[in-house]
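# Reading the structure
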Amino acid sequence: MENLNFYKMQDIQKELQEKYKDTWGGLSPEKARNQLLWLYSELGEVGDIIKKNGDEKIMNDTATRHHFIEEMCDVMMYFNDVMLCYDISPDEFEKIYIEKHKVNMERW
């Protein structure tokens, strides 16, 4: 099995967005706001699963766990769409992510 990374996730999202370009309108900075709103909505669905089912069920019930991970995938799909809308490459993201990590490690 191939490792899933931001390159692969962005390729998958580009493929999906291209398939539905006429319906969804493609990816551009102007579309990022909508993608971010959908991301928020999906985060809410993740929160609902935690609230309604609890940690134990997410960890031990196969159906609940699958549903939880599926919603987390939706979050990542919209997250990648936002990155694509603003032409943020995985390399650029990684560089700044590592920089931010270093800042956080020294923060407290």
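I will try to describe carefully the structure that is included in this document. (Residues numbered from 1 in each chain as written. Predicted model: local features only at pLDDT ≥ 70, side-chain atom pairs only at ≥ 80, totals over all residues. Heavy atoms only, no water.)

### Overview of the state of the cysteines
Using the criterion set out here, one finds zero disulfides in the structure. The thiol of C73 is unpaired, and the distance to the nearest cysteine sulfur, on C85, comes to 19 Å. Judged by its relative accessible area of 4%, C85 falls in the buried class. (Disulfide = S-S within 2.5 Å. Buried < 20%, exposed > 50% of the residue type's maximum accessible area, 1.4 Å probe, protein only.)

### Remarks on the side chain of Q13
With respect to the element layout, Q13 can be found in helix α1 (residues 6–19). Of note is the side chain of Q13, whose polar atom sits 2.9 Å from the side chain of D81. (Helix = DSSP H or I, 4+ residues; strand = E, 2+ residues; numbered from the N terminus. Polar contact = N/O pair within 3.5 Å; in protein donor to acceptor, adjacent residues only side chain to side chain.)

### Focus on unusual backbone geometry
Most peptide bonds take the trans form, and the phi angle of most residues other than glycine is negative. Located in the positive-phi region is D87, a residue other than glycine, with phi close to 55°. With respect to the helices and strands, the residue D87 is situated in the loop between α4 (62–85) and α5 (90–107).

### Considerations on a nonpolar patch on the surface
Taken together, the side chains of L36, L37, Y40 and L43 make up a nonpolar region of the molecular surface, amounting to roughly 380 Å² of accessible area. Residue position: Y40 is located in helix α3 (residues 29–60). (Patch = residues over 30% accessible without salt bridge, like charges linked within 9 Å, V, L, I, M, F, W, Y side chains within 5 Å. Areas by Shrake-Rupley, 256 points an atom, 1.4 Å probe, with all protein chains shown as cover. Salt bridge = Lys/Arg side-chain N within 4 Å of Asp/Glu carboxyl O.)

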